[in-house]
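Descriptive analysis of the structure
If you want the building blocks of each chain, they are given just below.
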Amino acid sequence: MTLDPETFDQLLETVRRFVRERLIPLEQDVDANDRIPDEVINEMKDLGFFGLSIPAEYGGLGLTMSEEVRVGQELGYTAPAFRSAFGTNVGIGSQGILIDGTEAQKEKYLPKLASGEMVGSFALTEPDVGSDAASVKTSAKRDGDHYILNGTKRFITNAARAGVFTVMARTGTTEEKGRGVSAFLVEAGSPGLELGSPEKKMGQKGAHVCDVIFNDVAVHKDQIIGGVEGVGFKTAMKVLDRGRLHMSSISMGMAKRLIDEQVNYSVERKQFGQEIGEFQLIQAMIADSQTEYLAGKSMVEATAARYDAGEKVSTDASCCKLFCTEAVGRIADRAVQIHGGAGYISDYAVERFYRDVRLLRLYEGTSQIQQLVIARSLIREAKAG
Ligand code: COS
């Protein structure tokens, strides 16, 4: 449901102010301490951030994709760890339930996810299963009314805070690839479910990932998303279509921030007796960054509008993810370059952002996976005539 323009503008303004006045001043501490203060998480709950994409009937704000990518660009203007605290509830931790869940599953989990009372986490990746997501090894063997889950999930965002995990596990044979995978809703605290230690990451400090280990975890059959075996891989792919648009919008928010950092430093810093922004080689870097930002922003907003219109946008979502995450990598690199030696020092935001943006090209599908999705779809269309 689309919010009326006035309400949506107010929301955008609230997010913009919260990001600038509350979150940006905390960025350095969050990076240094690898922790977001609890009071900030609570403020984000009060502002409705956990329920941005969850329909109003389940207590969320019910943003359309077009609205979500505009909010995403505002959120991207600060360290991405803040977004990560509620990002799984907005995206991969809630969307499986929303897109393919039964009404009972929606009623059971979505209100808690929308309010932030419960954190949702998405468990697809495994030690031996990353890009080749259809080869999930975690097993789910039927035993009466239950399935018994065994296996390890890796790099699971927000696992330590999660109340419910969307877990992709194999109910069929290995030969069935994706068709043998089912999506389960597994609650934290289930006997046999254990968490690994938090990983030490390059960037995005304050956002945590760890292993989730299943040792004979019994999950009731009613906890299969949609109540249907063998469609979990497709659920995961649909969730990722949306997630890729969301991550593209975050990338463009980060790009905007990095361009502002580039321009501000260019007018502040003097060399050879003038502001470095007067030099055309600096101007070229700023101009290239702004051009890529405008291209990425336009792509993601146009694709989001088509998503809302009910069009199938998997290929274009991959184009957006590929372009926006690669572009922000280049923009961050130029931001460091414009800062010179200062850009390598952690007092400057660009040093942190340089590390933070690196992950964007890896998670929710690497750039190479996006290329594969795009090219395969065009080739398939050509063959179909
Ligand atoms: N929406 C709906 N269904 C989809 C889909 C989508 N976006 N993408 C694929 N499917 C369906 C296909 O139509 C196919 O259905 P059928 O079995 O009925 O024919 C099935 O899913 C398998 O698709 P495909 O043959 O394309 O699967 P592959 O194993 O060849 O490859 C890729 C799929 C590589 C694209 C997939 O594994 C992928 O996205 N990997 C990256 C995973 C990822 O992003 N991991 C990040 C961590 S999760 S945060």
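A brief report on the enclosed structure follows. Treat the numbers as computed from the prediction; the structure is a model and nothing was measured.

1. So, the overall build of the chain
Regarding its fold elements, the chain presents twelve helices and nine strands. The C-alpha atoms of the chain give a radius of gyration of 21 Å, which matches the 21 Å a tight globule of 385 residues would have. At a minimum sequence separation of 6, the contacts of the chain that also span at least 24 residues come to 74%. For the chain, the exposed area adds up to about 17,000 Å²; of that, 52% sits on carbon and sulfur atoms. Of the charged side chains in the chain, 45 are positive and 54 negative; the average position of the first set lies 5 Å away from that of the second.

2. Let's talk about the environment of V219
In this structure, V219 sits in strand β7 (residues 209-220). What makes V219 buried here is its relative accessible area of 4%. Between the alpha carbons of V219 and L3 there is a distance of 38 Å; along the sequence they are 216 residues apart. Residue contacts for V219: discarding those within four places in its chain leaves D145, H146, Y147, L149, F184, L185 and V186.

3. Notes on the pattern of salt bridges
Per the stated rule, a full pass over the model turns up 26 salt bridges. Among the ionic pairs, K256 bridges to D260, the shortest N-O distance being 3.2 Å. Taken together, the positions of K256 and D260, both in helix α8 (residues 232-268) and four residues apart, correspond to about one turn of that helix. A relative accessible area of 30% means that K256 is categorised as partly exposed. The residue R355 makes a salt bridge to E351 at a minimum N-O spacing of 2.9 Å. Of this pair, R355 and E351 both sit in helix α11 (residues 349-358), four residues apart, roughly one helical turn. As far as burial versus exposure is concerned, R355 and E351 are alike and both buried. Three or more residues are tied together by salt bridges with common partners; here these are E13, R16, R20 and E74.

Rules behind the numbers
Residues numbered from 1 in each chain as written. Predicted model: local features only at pLDDT ≥ 70, side-chain atom pairs only at ≥ 80, totals over all residues. Heavy atoms only, no water. Helix = DSSP H or I, 4+ residues; strand = E, 2+ residues; numbered from the N terminus. Rg over C-alpha atoms; globule rule 2.2 N^0.38 Å. Contact = heavy atoms within 4.5 Å. Areas by Shrake-Rupley, 256 points an atom, 1.4 Å probe, with all protein chains shown as cover. Lys, Arg positive; Asp, Glu negative; His and termini not counted. Charge placed at Lys NZ, Arg CZ, Asp CG, Glu CD. Buried < 20%, exposed > 50% of the residue type's maximum accessible area, 1.4 Å probe, protein only. Salt bridge = Lys/Arg side-chain N within 4 Å of Asp/Glu carboxyl O.

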